[in-house]
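Chain and residue survey
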There are 2 protein chains.
Amino acid sequence: MTSEDLREAHERIRGLIHRTPVMTSATLDRESGKGVFLKCENLQRGGAFKFRGACNAILQLTAEERARGVVTHSSGNHAQALALAARLNGIACRVVMPTSAPEVKRQATRGYGAEIIPCEPTLEARLATAARVIAKTGAVMIPPYDDDRIIAGAGTAALELLDEVGELDAILAPVGGGGLISGTALAAQTEARPPRVFGCEPAGADDAYRSFKSGVRVTQATPHTIADGLRTTLGARNFPIIRQYVADIVLVSEEEILGAMQFIWERTKLIIEPSSAVAVAPVLFRTLNLCGQRIGVILSGGNVDVSEYFALMRGKRV
Amino acid sequence: MTSEDLREAHERIRGLIHRTPVMTSATLDRESGKGVFLKCENLQRGGAFKFRGACNAILQLTAEERARGVVTHSSGNHAQALALAARLNGIACRVVMPTSAPEVKRQATRGYGAEIIPCEPTLEARLATAARVIAKTGAVMIPPYDDDRIIAGAGTAALELLDEVGELDAILAPVGGGGLISGTALAAQTEARPPRVFGCEPAGADDAYRSFKSGVRVTQATPHTIADGLRTTLGARNFPIIRQYVADIVLVSEEEILGAMQFIWERTKLIIEPSSAVAVAPVLFRTLNLCGQRIGVILSGGNVDVSEYFALMRGKRV
């Protein structure tokens, strides 16, 4: 894959995606000493950057594939993104979702018009159920991150960021399966002086960190993190791109994730999900030495279940 | 006052304020049938539209008045806005705040560099304490809404909205003391075909509604609403502007306020405070017949105490 694939992806999807705004925060600027630019993919359609990759994949289907529909297995943002991208293109979408997925996620995905196919909450059950759906319907599998079309789509967020704010010294993005960070690293290569790209990962789900440091892709054992979008295992296609183009992977504690999330909510009035906060924390808490630098941060998504907060508010009604 | 005052105010403050973005939501568009444009004053400096009026007042002080500093009595967004506007202009700011005010508000106002002067939680104590501060320091009182400079400043949000999206059929804004709604109504008059302006008020704090319907300004007795910014009594200068230029005042229930607030949080990923939700509710729940119209809504602010939510999240840590 080359950065040319990202340019083509951007041309392909630009009519469907939001060109999300870039925001700044005076406090974050003080922390960095120069300037922090927040690329607001939480304001993307479907509430996360995932819509970019989903559109890029769907728009490359043949007429015959479109007729058969698409399928994926996910309980997260990829499911909603694919459902929305499919609906906007008049394509049937099936999502294999474990019975353990929160009702709010099932509803959101169904709300975008997808058919939910329940399965047991194990990876084996997911794969087997998806295989059955494919055998029965001929649906085309669109994986969440281990896919060139998804990587290229994800990278278009950083393309837009660089286009809008100009030269950057560094870009930070969260690492889960590796779709966003590998796309971001490829986007950085479009610059004459490429920014250093840092992957940010919860310490409780550090498979990308361990893979990066050892040079051998390890799988996630038992992830323990509030950042639900980052519990996945690093993808096979994503790892070599990360090894080649990512400067480093930095680990973030659970307390830092919550602190950075609360900071963004309070100071910028933007709702971001815990996964996004993972890429804010190293700037806010200065765990990377980026003082005096111009830094981009990809706020990957804003899909948080706030119903408990509103239950609290309703309980307190005057 | 005329809309010319608003133009002058905008010229005066434009270098200090954020020109806040206008956002849209596909779901709200479906509700209105045409288009709803959200003017995001929750993204304004200090987290609310109040910064506009505070700047407009402070920038009109004489050199001698600047040297004496400013004072106000408030525990809400006006206090923070005035503190920030004063600090940016190198002016001392004192805020008389009842001892009952939440610690988070005291901290925020102090964080913007103001001196907090505590008083008993009664209107009499506030006024007496402010009078003492003025007698002792010569500080200039900047009231929160019953003031031409504050009204003109508040109206610049609607000026920007109309400038950005063009003709509108209606604009909705919350009513508390009446600074925002009277400024918005004056801004509407700059249009060749002025949009109808609707004031939106909690049913539990309906003094503006009762004043509007009876033609006589009544004072707030015992407000009962979660919309803490709207518990104030309608101002004397604000009422005649509202009578002349506002189409109607619509009442909103507490359940509608919370429903509209949750909708905006979940769908737009923007944090708005309950007062802002009051102006969203009539569109979302169709209590005004605005179908097929182009509607502007002023999202007045985003200062919410989310610490309890994060306490909840910390308690659930995996």
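Note that the structure is a prediction, hence the values are computed from the model and not measured.

**Some words on the sheet that holds strand S8 (residues 196–202) of chain B**
What the six strands build is an open sheet, ordered S1-S2-S10-S7-S8-S9 (chain B); its pairing is mixed. Since the sheet does not close on itself, it has two edges, and those belong to strand S1 (22–23) and strand S9 (248–252) of chain B, each with one partner.

**Thoughts on the relation of the copies chain B and chain A**
Once turned by 180° and shifted 0.0 Å along the axis, chain B lies on chain A with an RMSD of 0.0 Å. Both copies of the chain, as the preceding transformation shows, are related through a two-fold rotation axis. Considering only C-alpha atoms, the residue of chain B closest to the rotation axis is Leu270(B), which sits at 2.5 Å. A shared interface surface links the copies, since 100% of the contact residues of chain B are contact residues in chain A too.

**Let's talk about the sheet that holds strand S9 (residues 248–252) of chain A**
Residue and element names in this part refer to chain A. Ordered in space as S1-S2-S10-S7-S8-S9, the six strands form an open sheet in which the pairing is mixed. Single-partner strands in this sheet number two, and they are strand S1 (22–23) and S9. As judged from the three bridges shared by strand S7 (residues 170–174) and strand S10 (residues 294–299), these two strands associate in the parallel manner. Note on S10: the bridge partner recorded for Leu172 is Val297.

**As for the packing of helix H3 (residues 50–58) of chain B against helix H8 (residues 148–165) of chain B**
All names here are of chain B. Their axes nearest at 7 Å, the elements H3 and H8 cross at an angle of 135°. Of the possible angle classes, the one that applies to H3 and H8 is oblique. In terms of crossing hand, the pair formed by H3 and H8 is right-handed. Across the interface between the two elements, Arg52, Gly53, Cys55, Asn56 and Ala57 from H3 touch Arg149, Ile150, Ala152, Gly153, Ala154, Thr156 and Ala157 from H8. Here the contact of H3 with H8 is composed, by residue class, of six nonpolar, four polar and two charged.

**A look at the domain arrangement of chain A**
Residue and element names in this part refer to chain A. Considered domain by domain, chain A is made up of domain 1 (3–48 + 148–299) and domain 2 (51–141). Each of domain 1 and domain 2 has a C-alpha centre, and these two points are 25 Å apart. Facing 20 residues of domain 1, the contacting portion of domain 2 comprises 14 residues. Within the residue set of the side of domain 1 that touches domain 2, elements represented by two or more residues are helix H1 (3–13) and helix H8 (148–165). Split by residue class, the side of domain 1 that touches domain 2 holds nine nonpolar, seven polar and four charged.

**Re the interface of chain B and chain A**
How big an interface is tends to be stated in terms of the accessible area lost upon association of its parts. Between chain B and chain A, the residue contacts involve 25 residues of the former and 25 residues of the latter. Where the side of chain B that touches chain A is concerned, the elements lending two or more residues are helix H12 (254–268) and helix H14 (307–315) of chain B. Ranked by the residues each element gives to the side of chain B that touches chain A, the list is headed by H14(B), at six residues.

**Points about the pairing of strand S2 (residues 35–40) of chain B**
Residues and elements named next belong to chain B. Judged by how many residues are buried, S2 sits mostly within the fold: five of six residues are covered. One ladder, built from two bridges, connects S1 with S2; its direction is antiparallel. In the sheet register, Met23 faces S2, and the bridge partner there is Leu38.

**Comments concerning unusual backbone geometry**
Notably, Arg286(A) is not glycine yet its phi reads approximately 55°, a positive angle. In this structure, Arg286(A) sits in the loop between helix H13 (274–284) and S10.

The rules behind each value
Residues numbered from 1 in each chain as written. Chains lettered and ligands numbered in written order. Predicted model: local features only at pLDDT ≥ 70, side-chain atom pairs only at ≥ 80, totals over all residues. Pairing = 2+ DSSP bridges. Helix = DSSP H or I, 4+ residues; strand = E, 2+ residues; numbered from the N terminus. Least-squares fit on C-alpha atoms with pLDDT ≥ 70 in both. Contact = placed C-beta atoms within 7 Å. Axes fitted to C-alpha atoms, helices over the stretch in contact; angles between N-to-C directions. Parallel < 35°, antiparallel > 145°, perpendicular 65-115°, else oblique. Left-handed = near helix turned anticlockwise from the far one by under 90°. Nonpolar A, V, L, I, M, F, W, Y, C, P; charged D, E, K, R; others polar. Domains from an automatic or database assignment. Buried ≥ 20, exposed ≤ 12 C-beta atoms within 10 Å, placed from the backbone.

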